[in-house]
Amino acid sequence: MATAGGDADPPQPFPADLDDNGFPSLPSPPAAAGSTSVFAEDFYRSGTDWSSLRDPPPRRPPEGPPGVKAKEKEGASLVQSSLFQAWGIERPRREGGAAGHSSPVQKSLFQAWGIERPKREGVGAGDPCPSPIRSGSWSGRKRQRGGPGEAAPAAMNPRTCPFYKKIPGTPFTVDAFRYGEVEGCSAYFLSHFHHDHYGGLTKKWCHGPIFCSALTARLVKMCLSVNSDYICPLELDTEYVIEGVTVTLLEANHCPGAALIHFRLSDGKTYLHTGDFRASRSMQLHPLLQRGRVNLLYLDTTYCNPKYKFPPQEDVIDFVVRTARRYLAKQPKTLIVVGAYSIGKENVYLAISQALDVPIYTDASRRRILHSFDWPDLSKRICSCNQSSLHVLPLGSVNHENLKKYLETLNQKFVAVLAFRPTGWTFSEATGKQLDLIKPSSNGSVTIYGVPYSEHSSFTELRDFVMFLRPQVIRSVNVGNVASRDKMQAYFREWLKGS
DNA sequence: GCGATCAGTT
DNA sequence: CACAACTGATCGC
């Protein structure tokens with residue numbers, strides 16, 4: 001393929017081939033034909049984010065993995081990971097205790113999709129069902145798109161899948177469900193169950209198998225009624241061979257079921273797709289996330305700007321609990337409300353429930369979703385009686401007008417509302433550092449606190465993660481404007497320079 | 001009625 | 001303020 005210009009190529013940036021959209025991998029002017037899609041033009045105009053960011057090729061560190069002495073506050077909970085065992089390290093525990101997934105692996109399903117069963121590292125346990133890889137095996141289930149000569153209606157001709165959702169050298173896409181059938185894609189990965197990622201998934205889905213965590217799989221089935229035949233749940237920290245690629249899901253520290261997706265190609269190349277994630281020190285303990293081992297990083301850069309600072313989740317939870325205690329002490333007939341999207345922020349209201357020993361009330365649809373997590377510590381605190389003094393409501397309804405009305409529907413049981421909006425980012429810089437400076441918004445009997453409880457990485461967390469991982473190439477998965485992407489590239493270069 | 005798309009909301 | 005992630009209105013089938 002055409003190398004950009006004739007200038008002396010730096011050590012060949014990776015990846016060097018065309019991707020599935022046929023975009024040249026090397027930076028070249030957008031002039032390259034009107035055939036280039038809008039996405040590609042945009043991409044080139046903004047400068048590339050897949051040029052090599054490091055001078056020399058990655059080197060393994062001389063010593064073993066740094067910081068392996070697992071100084072996590074709690075001892076290890078159950079370890080289901082052969083990878084961790086292989087490394088002889090304790091697996092960091094996810095606070096709150098959504099320890100693991102217990103849903104059994106459906107063997108038949110793996111056979112159906114031609115996937116090799118989990119590989120147990122070290123042990124030659126092999127796979128019990130070495131069915132051949134049948135990359136086109138599901139094509140028979142594809143819906144026929146109109147008969148011969150029948151043009152596809154506009155509704156069936158959605159935008160094309162952008163390049164950053166495709167995994168080069170594989171027939172995989174990540175979070176690409178709104179484009180109908182993606183050409184060349186025979187396995188569709190879903191990083192987590194949030195609308196902007198699963199958008200386009202409906203019960204009519206028929207374009208290929210969907211790989212995701214077991215928890216996400218349950219939600220896809222339950223909430224979207226996607227045909228189970230298409231849903232392929234994968235356990236975390238377990239290697240699967242899919243279409244010849246070794247795939248491992250890792251805890252993403254975003255929302256329940258959210259996963260980082262690690263791909264190892266047969267040629268040894270490794271890619272990490274973060275989906276949405278909140279980077280943490282404990283991630284650095286993961287055997288697959290050791291220095292210099294990831295060639296290409298697909299990065300969630302939501303808050304990749306130094307203006308985004310927020311405290312650790314634990315600090316925010318502590319603040320929320322303290323505040324709730326204070327209000328209840330002053331007025332025992334206070335209703336505590338926590339706003340939340342469909343999934344996410346569970347630890348905020350779970351912490352209140354545990355600290356104040358009150359059950360969690362929420363509507364039937366959310367109860368169903370929360371119970372599906374199979375998270376006993378949460379399930380046992382959920383109640384269906386709205387007399388409890390802790391309610392979870394949709395974030396959108398946590399405003400003064402709604403809460404005032406809501407209070408009235410509860411017939412005198414409560415005389416005041418204390419509500420929390422755990423939003424990713426609160427504007428004030430002060431509140432990022434000093435939670436006690438947060439000023440609530442009060443209106444009559446209703447008080448609302450916006451709290452900086454984020455399920456995305458802060459700027460410094462992102463920086464620390466990238467500086468630790470030292471990937472060869474970083475590709476942002478967030479579509480921002482040209483200026484912000486240029487700025488991000490500058491940060492990446494800074495973080496990775498002189499390695 | 002269903003789903004895709006876009007505009008609006010906090 | 002910007003942001004993620006949703007909700008609602010509208011339109012075509």
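Here, the structure is the one placed above.
This text gives an overview of the structure that appears in the document. (Residues numbered from 1 in each chain as written. Chains lettered and ligands numbered in written order. Predicted model: local features only at pLDDT ≥ 70, side-chain atom pairs only at ≥ 80, totals over all residues. Heavy atoms only, no water.)

1. Some details on the overall build of chain A
Next, step 1: Helix and strand counts for chain A come out as 13 helices and 19 strands.
Next, step 2: Within chain A, counting contacts between residues at least 6 apart in sequence, those at least 24 apart form 66% of the total.
Next, step 3: Accessible area for chain A stands at about 22,000 Å²; split by element, carbon and sulfur atoms hold 52% of it. (Helix = DSSP H or I, 4+ residues; strand = E, 2+ residues; numbered from the N terminus. Contact = heavy atoms within 4.5 Å. Areas by Shrake-Rupley, 256 points an atom, 1.4 Å probe, with all protein chains shown as cover.)

2. Structural notes on the sheet that holds strand 6 (residues 231–234)
Next, step 1: Strand order in the open sheet formed by five strands is 2-3-4-5-6, and the pairing between neighbours is mixed. Pairing within the sheet leaves two strands with one partner each, and these edge strands are strand 2 (166–167) and strand 6.
Next, step 2: Direction of pairing for strand 5 (residues 210–213) relative to strand 6: parallel, over a ladder of four bridges. Each bridged residue has a counterpart across the sheet, and for S213 the counterpart in strand 6 is L234.
Next, step 3: Together, strand 5 and strand 6 form the strand contacts of helix 5 (residues 214–224), whose direction differs from that of strand 5 by roughly 120 degrees. (Pairing = 2+ DSSP bridges. Axes fitted to C-alpha atoms, helices over the stretch in contact; angles between N-to-C directions.)

3. Overview of the protein's contact with DNA strand B
Next, step 1: Around DNA strand B, the surrounding shell holds eight residues, and the nearest of these are T202, K203, K204, V398 and R421.
Next, step 2: R421 is positioned such that a nitrogen or oxygen atom in its side chain is 2.8 Å from a sugar or linking oxygen of DNA strand B.
Next, step 3: Here the surface near DNA strand B is built from residues that sort into two nonpolar, three polar and three charged. (Near = heavy atom within 4 Å. Polar contact = N/O pair within 3.5 Å; in protein donor to acceptor, adjacent residues only side chain to side chain. Nonpolar A, V, L, I, M, F, W, Y, C, P; charged D, E, K, R; others polar.)

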